[in-house]
Amino acid sequence: MNKVKITILALVVLAAGAGGLWIYDRHTPERGQELVALGDSLTYGVGDQSGAGYAENLEEVINENREEPLTVYNYGIPGQQTDGLLAQLEDEEVKATLKNAEYFTVFIGTNDLIKTNGGDLNPLYDDRIQAGKEDYEKNLEDILSIIREENPEAPILFLGLFNPYPENEEIQQVIDNWNKLSKGMVEEYPSVKFIATDGILKEKSAEYFSDALHPNEKGYELITKRMIEEYDF
């Protein structure tokens with residue numbers, strides 16, 4: 001699974017304030033199925049020493065017991081927020097990819113929360129977080145609408161946020177609040193399933209995290225396991 005830089009979207013990403021766009025090299029499966037993974041660095045797989053992340057893990061696990069191959073195309077962008085994903089989905093090349101997908105995963109919102117608060121989560125600023133939440137809600141509605149417009153039927157697995165500081169109860173309340181919003185929104189769309197990731201990484205330790213935010217290889221494996229448990233591919 002090679003990742004190649006797509007320069008056609010670089011200007012879009014920069015305009016949205018995100019990093020460079022990378023996707024898996026699009027080879028043509030022999031009439032197999034396709035899963036499109038959308039999101040930020042957590043979709044891209046930052047922190048996984050193996051270079052896989054949950055998206056490539058998911059492809060590997062699903063194909064172990066599957067006659068028809070599933071190919072995962074990873075459109076995750078490190079640093080991406082919902083406005084960046086919204087701009088990404090407006091690109092004609094990406095829209096064409098959406099039409100062919102049998103499945104989607106969406107893991108987005110962590111950067112919206114962190115950046116709207118000022119770049120970290122300590123201390124928390126309620127007014128900034130509320131403003132960011134309102135922007136997040138609007139962007140998420142537009143994101144889901146675009147996906148459904150291009151592909152009315154393919155299941156969408158929406159991954160909720162996790163608390164990167166599980167020992168901090170104040171941050172936990174914010175994460176719970178944003179997840180409650182997301183869960184309520186995605187349930188209004190057909191064939192969209194909310195998958196909770198909070199609580200999977202219960203310890204803030206090197207056993208699960210590679211840095212202050214990103215899981216390591218073992219952490220991503222736990223996220224993949226939760227997805228397999230929650231949805232029957």
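Refer to the structure printed above.
Okay, so let's go over this structure. (Residues numbered from 1 in each chain as written. Predicted model: local features only at pLDDT ≥ 70, side-chain atom pairs only at ≥ 80, totals over all residues. Heavy atoms only, no water.)

Comments concerning the pairing of strand E7 (residues 192-195)
We count it as follows: Only when DSSP finds a minimum of two bridges between them are two strands counted as paired. Secondary structure elements are taken from DSSP: a helix is a run of H or I of four residues or more, a strand is a run of E of two residues or more, and numbering for both begins at the N terminus. If you view a crossover with the strands going away from you and the path from the first strand over the helix to the second runs clockwise, you call it right-handed.
Pairing of strand E6 (residues 156-159) with E7 involves 4 bridges; the strand directions are parallel. The residue of E7 that forms the bridge with Leu157 is Lys193. Handedness of the crossover joining E6 and E7 through helix H8 (residues 169-186): right-handed.

Comments concerning the side chain of Asp48
For clarity, the cut-off: Each polar contact in these results corresponds to two N or O atoms within 3.5 Å; when the atoms are within protein, one needs to be able to donate a hydrogen and the other to accept it, and residues that are neighboring in sequence are counted only if both atoms are side-chain atoms. What makes two residues a contact is simply this: any of their non-hydrogen atoms within 4.5 Å.
Within the fold, Asp48 resides in the loop between helix H2 (41-44) and helix H3 (53-64). Within the structure, Asp48 has its side chain in polar contact with the side chain of Ser50 (distance 2.7 Å). Setting aside residues no more than four positions away along its own chain, Asp48 makes contact with Gly53, Asn57, Pro215, Asn216, Glu217 and Tyr220.

Considering unusual backbone geometry
Geometrically, the link from Asn122 to Pro123 is a cis peptide bond, its omega value of 0 degrees lying close to zero. Among the secondary structure elements, Pro123 is positioned in the loop between helix H6 (110-116) and helix H7 (126-150).

Notes on the sheet that holds strand E4 (residues 70-74)
Selection rule: Orientation is described by axes fitted as lines to C-alpha atoms, over the contacting stretch for helices, and by angles from 0 to 180 degrees between their N-to-C directions.
Strand order in this open sheet of 5 strands is E4-E3-E5-E6-E7, and the pairing throughout is parallel. The two strands at the open ends of the sheet, each matched to only one other strand, are E4 and E7. On average, each strand axis in the sheet is tilted by 20 degrees relative to the strand beside it, whichever way the strands run. Pairing between strand E3 (residues 33-39) and strand E5 (residues 103-107): 5 bridges, direction parallel. The partner of Ala37 across the bridge, within E5, is Thr105. Against the sheet, H7 makes contact with E3, E5, E6 and E7, and its axis sits at roughly 160 degrees relative to E6, the strand it touches most.

Overview of the pattern of salt bridges
Convention followed: What makes a salt bridge here is a side-chain nitrogen of Lys or Arg within 4 Å of a carboxyl oxygen of Asp or Glu, nothing more. For every residue, the accessible area obtained with a 1.4 Å probe (protein chains only) is divided by the maximum for its type, and the residue is called buried under 20%, exposed over 50%, and partly exposed between those limits.
Throughout the structure, instances matching the rule amount to 6 salt bridges. Here Lys99 makes a salt bridge to Glu150, at a shortest N to O gap of 2.6 Å. With a gap of 51 residues between them, Lys99 in helix H5 (residues 92-100) and Glu150 in helix H7 connect regions that are remote in the sequence. Glu150 gets classed as buried once you look at its relative accessible area, which sits at 14%. As a salt-bridge pair, Asp142 and Lys138 come within 3.3 Å of each other at their nearest N and O atoms. You can see Asp142 and its partner Lys138 sitting in helix H7, 4 residues apart, about one turn around the helix. Exposure remark for Lys138: the relative accessible area of 51% places this residue in the exposed category.

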